[in-house]
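Structural features, examined
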Amino acid sequence: MSNAAEGTDRTKRDDRPWRLVARETRPAGSRVRIGEGAGAVEVGGPEFVVAAGPCADETRGQIREAAEEVARAGARLLRGGAFKPRTSPYAFQGLGEEGLRLLAEAGREAGLPVVTEVMAAEEVGVVVRHADALQVGARNVQNYALLKALGTAGKPVLLKRGFATTVDELLGAAEYIVAHGNPDVILCERGIRTFETATRNTLDLNAVAVLKALTHLPVMVDPSHGTGRRDLVVPLSKAAAAVGADGLLVEVHPHPEAAWSDGSQSLPPALFAALMRELTGLLAVQDRTLPLSGGRLDEAALGTCRERIDSIDGAIVGLLQRRAELAVRALWIKRACGRALEAPEREAAVIQRAVAAAGAGFAGSAGALGAAAIERLFRAIIDETRQVEARLAGALALDGGCCPARVPA
Ligand code: PEP
Ligand code: MN
């Protein structure tokens, strides 16, 4: 590259309001660790991290029950606001420091690190004493005094996008925190204001994909504030996982009908547990994991673990059926093309690819099953597929017609 071209490039880079958070600074993406010891959680890695809990900390009983329920269902972080930014000055403003204490206590008991909002630079000190991660709310994303103060907070920051913040402005806000000394920033899409009134906000999943390309910072999604409607939280959570978000921030209340704020968008525990089950199969297909909280080794944890296995089994059966259908279709196409129906070299390549992806097994990084186990399983799948194909070939020889919708038994 000529000096002139380099100069142009440098000028271009320097014009951007954000550089430290740019993807090219860390092409592999950054991981943000929240909490300490065995309960610590890493956002931005292969695990899909779900933070859940009430909009606001209300009472010791409420936050405890919420913590217990979301931990049981597999959340890895507990959320709950103590300093609440409310539209009306007459609405519940949060319990303040007492709320922080209750949240921290409930998180400790349930084995979950806690994340909670900080609204002003002067409050950073008190929130840092109780929280494992500090949330900047939509209304404060461009409160630069607060962002600078968070640069030296020493704890990770969950930075929410504002209702009218562009992606560029959000990245500029993140850059403030990083430039002032704190590299541990997680972005959170929580819906923007559009002409649409059917939902509280419009969850901008475009932004998630755009952010994943532009920045190395992890990106979470808040489908609760993003939609404002309990019935939309499950489908939009799945959409967030599908588009590549690193996790979710979900409002869950033990008794949403009695919540002091945002009850209509809060999930009751049973619905939250159902969401986590549905996400398990979906994430497994993307080769991502939805971990259970590490500290729990009781009967309830066993039940949750088994529900997760059932969810993955459902996905496996579906995948095997779709695979067999395609193999049958391929046979029909091969016949139409005048090709040999058997393709041993392709079968060998299929097995080889699966084995290569399997890695070393339990001690390795790719998964619990080793190469030999994966090879056996794939040989069985191919064997079963061959039998289906043989039955189909027989049927085709008989009528010579088109591919039957069902293969004769
Ligand atoms: C919250 O998550 O508690 C909250 C107030 O959300 P937002 O800042 O996105 O409105
Ligand atoms: Mn809320």
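Residues numbered from 1 in each chain as written. Chains lettered and ligands numbered in written order. Predicted model: local features only at pLDDT ≥ 70, side-chain atom pairs only at ≥ 80, totals over all residues. Heavy atoms only, no water.

A count of helical and extended segments in the protein chain gives 13 helices and 10 strands. Out of the 409 residues in the protein chain, the part that is buried amounts to 47%. Counting contacts in the protein chain only where the partners sit at least 6 residues apart, residues at least 24 apart contribute 67% of the total. Taken as a whole, the protein chain presents about 19,700 Å² of accessible surface, with 56% of it coming from carbon and sulfur. Of note, the protein chain has its 49 positive side-chain charges centred 3 Å away from the centre of its 50 negative side-chain charges. (Helix = DSSP H or I, 4+ residues; strand = E, 2+ residues; numbered from the N terminus. Buried < 20%, exposed > 50% of the residue type's maximum accessible area, 1.4 Å probe, protein only. Contact = heavy atoms within 4.5 Å. Areas by Shrake-Rupley, 256 points an atom, 1.4 Å probe, with all protein chains shown as cover. Lys, Arg positive; Asp, Glu negative; His and termini not counted. Charge placed at Lys NZ, Arg CZ, Asp CG, Glu CD.)

The protein atoms that coordinate the manganese ion (ligand 2) are Cys-55 (SG), His-225 (NE2), Glu-251 (OE) and Asp-262 (OD), at distances of 2.0 to 2.4 Å. Going along the chain, you hit the donors of the manganese ion (ligand 2) in the pattern C-x169-H-x25-E-x10-D. Placement of the pair is His-225 in helix α8 (residues 223–227) and Asp-262 in the loop between β10 (247–251) and α10 (269–285), with a sequence separation of 37 residues. We classify Asp-262 as buried; its relative accessible area is 19%. (Donors = N, O, S within 2.8 Å, 3.2 Å for Na, K, Ca; no water.)

With respect to spatial proximity, the complete set of residues near ligand 1 consists of Arg-79, Lys-84, Glu-117, Gln-135, Gly-137, Ala-138, Arg-139, Lys-160, Arg-190 and His-225. Separating an oxygen atom of ligand 1 from a side-chain N or O atom of Gln-135 is a distance of 2.9 Å. Side-chain polar atom of Lys-160 to an oxygen atom of ligand 1: 2.7 Å apart, as the coordinates give it. In isolation ligand 1 has 300 Å² of accessible area, and contact with the protein removes 97% of it. (Near = heavy atom within 4 Å. Polar contact = N/O pair within 3.5 Å; in protein donor to acceptor, adjacent residues only side chain to side chain.)

This part takes up the layout of surface pockets. Roughly 1,600 Å³ of internal volume is contained in the largest pocket. Ala-284, Asp-287, Ile-312, Ile-316 and Leu-369 are the residues nearest the centre of the largest pocket, which is lined by 36 residues in total. Where the lining of the largest pocket is concerned, the elements lending two or more residues are α10, α11 (299–336), α12 (344–358) and α13 (371–399). Ranked by residue count, the leading element in the lining of the largest pocket is α11, at 12 residues. Approximately 600 Å³ is the volume found for the second largest pocket. The wall of the second largest pocket is formed by 22 residues, among which Lys-334, Ala-343, Arg-346, Glu-347 and Glu-389 lie closest to the centre. Mapped onto the lining of the second largest pocket, the elements with two or more residues apiece are α11, α12 and α13. When the residues that make up the lining of the second largest pocket are grouped by side-chain class, the tally is 12 nonpolar, 1 polar and 9 charged. (1 Å grid on protein atoms, 1.4 Å probe; cavity = no way out; pocket = protein on both sides within 12 Å on 5 of 7 lines; lining within 4 Å. Points joined across faces, edges and corners; volume = space filled by probe spheres on them. Nonpolar A, V, L, I, M, F, W, Y, C, P; charged D, E, K, R; others polar.)

Attention now goes to unusual backbone geometry. Of note in the backbone geometry, Asp-262 takes a positive phi value of approximately 55 degrees without being a glycine. In this structure, Asp-287 takes a positive phi of about 60 degrees despite not being glycine. Secondary-structure assignment places Asp-287 in the loop between α10 and α11. Asp-287 sits in the exposed class, given a relative accessible area of 68%.

What follows concerns α12. The end-to-end C-alpha separation of α12 is 21 Å, in line with the 21 Å expected for 15 residues at 1.5 Å each. When α12 is considered as a whole, its buried residues turn out to be Val-350, Ile-351, Ala-354 and Ala-358. Buried residues of α12, viewed axially, fall in a sector of 90 degrees; they line one side. Along α12, exposed side chains directed more than 90 degrees from the buried face belong to Glu-345, Arg-346, Gln-352, Arg-353 and Ala-356. (Expected span 1.5 Å × (residues − 1). Arc of directions from axis to C-beta.)

Another aspect to go through is the nonpolar core. In terms of nonpolar packing, the biggest core is built from 70 residues, with Leu-78, Leu-150, Leu-159, Leu-187, Phe-272 and Leu-279 touching the most fellow members. Examining the composition of this core, we find that 7 residues originate from one element, helix α6 (residues 167–179), more than from any other. What Leu-150 contacts, discounting residues up to four positions off in sequence, is Val-118, Val-124, Leu-134, Val-136, Val-157, Ile-177 and Asn-182. Residues Val-41, Val-43, Leu-77 and Ala-133 belong to the second largest nonpolar core, which totals 14 residues. (Core = buried A, V, L, I, M, F, W, Y, C linked by side-chain atoms within 4.5 Å.)

Our focus in this paragraph is the side chain of Thr-215. Position of Thr-215 among the secondary structure elements: in the loop between α7 (205–214) and β9 (219–221). Judged by its relative accessible area of 0%, Thr-215 is buried. When residues no more than four places from it in sequence are discounted, the contact partners of Thr-215 are Val-21, Ala-22, Arg-23, Leu-171 and Leu-187.

Keep in mind these values describe shape, not function.
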